[in-house]
Amino acid sequence: MKSFFNYISEILRGIWTLLVGMRVTAKYFFTPWRNVTQQYPENREKLVLADRFRGEVVMPHNENNEHACTGCGICELNCPNGSIEIISKSIVTEEGKKKRIIDQHIYHLGMCTFCNLCVKTCPSDAIVMAQTFEHAHWDRASLTKILNKPGSKIMDGVKE
Amino acid sequence: MAELKEIIISSDNIKTDEYLVNMGPQHPSTHGVLRLLVKLEGEIVHNVQPHVGYIHSGIEKMTESLSYTQIPHLTDRMDYLSAHMNNEAVVCVENALEVEVPERVKYIRTIMAELQRIASHQLWWCATGMDLGALTTFFYGLRDREDILDIFEETCGARLTLNYSLPGGVMFDIHPNFQNRVKTFIKKFKKILPEYDELLTGNVIFQERSKGIGVLSKEDAIAFGVTGPSGRASGFSCDVRKHQPYSAYPLVKFNEALGTEGDTFRRYQLRIAEMWESMSIIEQLIDNIPEGDYTAKMKGVIKLPEGEFFQRVETARGELGVYIVSDGKKNPYRVKFRSPGFSNLFAINHIAKGWKIADLVAIMATFDLVIPDIDR
C-alpha cells in the first residue's frame, strides 16, 4: 500500500515540476512586450549595425573621386588567404618623375574571412570595413570587386 | 560502406543479436558532422567508435604558412563557441617574445573570455535541453546569448569569429558603451539564470534522464585527459585559470566549481555554476579596467626565437594547449593545438557502455562537443 502511495506521489511531483517549468513560459506568453523577436526583411530600415561591424572591405572616395590608396601592397601581404590583389602601374608625373600608382585594387569577397588585418595595417587608412551584410549573389564572378573607382586618383597629402 | 563491411567480416566474435549503427554524420544530436559507430544489442550500447575527420580543415598545417598575426583568425574557427579563448592563446607568442602586455589588455581579455564562456554555456544549455526533448530551452538560451553577441559586435566587430586578440594586445580598444552594456547584461542575466533552473533543472523528465547516467570517475577523467567542466564534474581539479593563471586571472577571486558524482546531471549543474562564477569574475574587473594602451608595441614582422613554446588556456570546453616549434623565421615551423573536445570525445566509449542509446545522446550533450574543435 505504501509503495502505491509513493507511486502516486511520484506522479504528482512529476506533474508539479512540469508546471513549474510551464510557469516561466506562461509568464512570457502573457507579457508579449518582453519578446525580442524581430521580423528580418521587414525591419531592414530600422536595423542598426555596430560601426565596427566587419561586412565588406571598401575604399572610400571623396567627392572629387579621390582615394587614399598608394598601392603599397601591405594589405595584400597581410591578407591570410589572398583575397586582395594589387595591380599597380607606373606613370610619369608632371615633374617628369616616374611613379608607381595603383591601377586596380581587386578584392575577392568570396575568399574573405573578415579578419580586419588589411584595414588595421593599412598605413594610409585607404580601406575600411563597411556594414553591409547581404552578400548573396547569383553569380560567383560578381563577388570579385575592384575597389578603386574608374578614373579615380590619389588624394593630395597622402604620404607615400 | 567498405569500412563497415570490413568490420562486420573481421569481427568473428560478433553475436547474432548485436548490430552496428551509424550515429551521424548527420545526426542532429551530434551538433555537427561527427560519426559514431555504435555497437548495439537491442537498445543497449556495447561499444562506441568515434570516426572523426569529416570536417578536418588542416588548421595546424595552414598555420605553417602564415605569420603570427595571421594565425589567431584561424583559431576562431576551431572551437567557434569559445573563439575568444582560442584567440587568447596568443599569450604563447607574447611569452616567447617576452613582451609585457599592458594591464588594460589583460583586463579586456579576461572580461571578453568570461563573456564568451557565458555565451558558450548558454548555447550548450539550449542544445542540451533540445537533445533531451525540451525545445523551449533552445529559444530562451539563444535569446540571452544574443545580448552577449551584440556586445561582441560592438567592440570586436564580429559576432562569432571575433579575431580580437592579436600578439601584443587586442584589435580595437573597447567601445565607449562596453562597460555599461556589460553591467546591464550581468544585471539582467542574474535574474534570468534562475529561470533556467526553473525551466529545465527541476524538470522531472530531465532529471530522470540525467541523474546517475554515464558516470565518469575521477581516475578515468585523469586517464582520458577529460578537462573543463566535464572533468571537473568528476572531481578532477583541472582549471587552468586557477592552476596556471594567465591574463588577469591572478587578480580575481573565484571558486573552481567542482563536483564528485561525475554523472550527466552533475556535468549539467557544473556548467550552470560556472556561469555564476564567470559573472562574478566580470563584476570584479569591469569597473577597474586601467587606462592605457590597448596594444603593446610590436614589430611589423614578428619572429619568434628558435625553440619550443607551450601555453595552456581554459576554453569553455576544457584545456586548450598551443605548442609552437619555431626555427626563428616569421612562420612557425610546426604548431600543434591540443584541443579539449578531442580528448573529451574519446571518454564517451568508456562511460556509455551498458547504457541505452538514448542515454548516449544525454552523455554527448553534457560533454558539449564542438566538432571543428575535434577535427581542426
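Residues numbered from 1 in each chain as written. Chains lettered and ligands numbered in written order. Predicted model: local features only at pLDDT ≥ 70, side-chain atom pairs only at ≥ 80, totals over all residues. Heavy atoms only, no water.

### Description of a nonpolar patch on the surface
And step 1. Nonpolar side chains collect at one region of the surface, where Met-1, Phe-4, Phe-5, Tyr-7, Ile-8, Ile-11, Leu-12, Ile-15, Trp-16, Leu-19 and Met-22 of chain A lie side by side and expose about 1200 Å² of accessible area between them.
And step 2. With respect to the helices and strands, the residue Tyr-7 of chain A is situated in helix α1 (residues 2–30). (Patch = residues over 30% accessible without salt bridge, like charges linked within 9 Å, V, L, I, M, F, W, Y side chains within 5 Å. Areas by Shrake-Rupley, 256 points an atom, 1.4 Å probe, with all protein chains shown as cover. Salt bridge = Lys/Arg side-chain N within 4 Å of Asp/Glu carboxyl O. Helix = DSSP H or I, 4+ residues; strand = E, 2+ residues; numbered from the N terminus.)

### Description of the interface of chain A and chain B
And step 1. Contacts between the two partners involve 26 residues from chain A, matched on the other side by 31 residues from chain B.
And step 2. Interface area for chain A against chain B, summed over the two sides, is near 2400 Å², with a carbon-plus-sulfur share of 54%.
And step 3. The partner of Lys-27 of chain A in a salt bridge is Glu-195 of chain B, with the nearest N and O atoms 2.5 Å apart.
And step 4. Where chain A packs against chain B, one counts 15 residue pairs in polar contact (both at pLDDT 80 or more).
And step 5. When contributions to the side of chain A that touches chain B are tallied by element, the ones reaching two or more residues are α1, α2 (74–78) and α3 (117–121) of chain A.
And step 6. Tallying contributions element by element places α1 of chain A first for the side of chain A that touches chain B, with ten residues.
And step 7. Among the residues making up the side of chain A that touches chain B, the classes are represented as 13 nonpolar, seven polar and six charged. (Contact = heavy atoms within 4.5 Å. Buried area = accessible area lost by both parts, 1.4 Å probe. Polar contact = N/O pair within 3.5 Å; in protein donor to acceptor, adjacent residues only side chain to side chain. Nonpolar A, V, L, I, M, F, W, Y, C, P; charged D, E, K, R; others polar.)

### Re the pairing of strand β4 (residues 98–108) of chain A
Residues and elements named next belong to chain A.
And step 1. For strand β3 (residues 84–92) and β4, the ladder comprises nine bridges, and the chain directions are antiparallel. From the neighbouring strand, Ile-84 faces β4, where its bridge partner is Tyr-107.
And step 2. The antiparallel pairing of β3 with β4 creates a hairpin that spans five residues between the two strands, and Gly-96 there sits at a positive phi of about 90 degrees.
And step 3. Pairing between β4 and strand β6 (residues 144–146): three bridges, direction antiparallel. For His-108, the partnering residue across the bridge sits in β6 and is Thr-144. (Pairing = 2+ DSSP bridges.)

### What about α1 of chain A?
And step 1. Compared with the 42 Å implied by 1.5 Å per residue over 29 residues, the 41 Å span of α1 of chain A between its first and last C-alpha is a close match.
And step 2. Within α1 of chain A the residues assigned to the buried category are Gly-14, Thr-17, Val-20, Gly-21, Val-24 and Tyr-28 of chain A.
And step 3. Packing partners of the buried residues in α1 of chain A comprise α7 (136–156), α8 (178–201) and α9 (204–210) of chain B. (Expected span 1.5 Å × (residues − 1). Buried < 20%, exposed > 50% of the residue type's maximum accessible area, 1.4 Å probe, protein only.)

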